[in-house]
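Residue-level structure breakdown
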Amino acid sequence: QEAMNDYIQAFQDYAAKSAENVKVAAEHTGQVLKCRQKQQAFEDAVCGAGTSLQATCAAYASAYEIHKEEYVDIGSGIAARVTDRKAEWKHLKRVECVLRELAASGEDG
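Just so we're clear, the structure is a prediction, and the values are computed from it rather than from any experiment.

Definitions and cut-offs
- Residues numbered from 1 in each chain as written.
- Predicted model: local features only at pLDDT ≥ 70, side-chain atom pairs only at ≥ 80, totals over all residues.
- Heavy atoms only, no water.
- Salt bridge = Lys/Arg side-chain N within 4 Å of Asp/Glu carboxyl O.
- Helix = DSSP H or I, 4+ residues; strand = E, 2+ residues; numbered from the N terminus.
- Patch = residues over 30% accessible without salt bridge, like charges linked within 9 Å, V, L, I, M, F, W, Y side chains within 5 Å.
- Areas by Shrake-Rupley, 256 points an atom, 1.4 Å probe, with all protein chains shown as cover.
- Buried < 20%, exposed > 50% of the residue type's maximum accessible area, 1.4 Å probe, protein only.
- Lys, Arg positive; Asp, Glu negative; His and termini not counted.
- Charge placed at Lys NZ, Arg CZ, Asp CG, Glu CD.
- Phe/Tyr/Trp six-rings, centres within 6.5 Å; stacked < 30°, edge-to-face > 60°.

1. As for the pattern of salt bridges
What the rule picks out here adds up to three salt bridges. The partner of Glu20 in a salt bridge is Lys17, with the nearest N and O atoms 3.7 Å apart. You can see Glu20 and its partner Lys17 sitting in helix H1 (residues 2-108), three residues apart, about one turn around the helix. We note a salt bridge from Arg100 to Glu96, for which the minimum N-O separation is 2.6 Å. With a gap of four residues between them, Arg100 and Glu96 both fall in helix H1, about one helical turn apart.

2. Quick word on a nonpolar patch on the surface
On the surface, Met4, Tyr7, Ile8, Phe11 and Tyr14 cluster together to form a nonpolar patch covering roughly 580 Å² of accessible area. Examined against the element boundaries, Tyr7 turns out to sit in helix H1.

3. Describing the environment of Lys86
Relative to the assigned elements, Lys86 resides in helix H1. Judged by relative accessible area, which is 61%, Lys86 ranks as exposed. Taking the C-alpha atoms as reference points, Lys86 and Gln1, 85 residues apart in sequence, are found 123 Å from one another.

4. Structural notes on a negative patch on the surface
Residues Glu65, Glu69, Glu70 and Asp73 make up a contiguous surface patch of negative charge. Here Glu65 lies in helix H1.

5. Observations regarding the packing of aromatic side chains
For the structure shown, the criterion picks out two aromatic pairs. Relative to Phe11, the ring of Tyr7 lies with its centre 6.3 Å away and its plane at 25°, an arrangement referred to as stacked. Of this pair, Tyr7 and Phe11 are both found in helix H1, four residues apart, which corresponds to roughly one turn of the helix. For Tyr7, a relative accessible area of 53% translates into the label exposed. Given a relative accessible area of 48%, Phe11 falls into the partly exposed group. Plain terms: the ring middles of Tyr60 and Tyr64 are 6.3 Å apart, the flat faces sit at 25° to each other, and that makes the pair stacked.

Any functional reading would require information beyond the geometric quantities listed.
Here it is, written out as structure tokens:
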């Protein structure tokens, strides 16, 4: 009789553990699905951020090249005007010198 009671108790314990195992396995499966969804969302976000950064960098590089070309063009134009202004200044100084000499020679004579 005692052996039978031990068997019945062991069987009941087994049945309880089996039911608990089914419940825990179902919870585990649900958690695995949640984790997979979160991981997929994370990977999508990282990919989206990478794509966004790539687009931003491309836009920056394009804008930089456009403004760099404008800067170089303006710099070239300024350099040419500087050369012209120096030549004009040199000639104006010569004309000023000649006019002074004429004015001085007119007073003398």
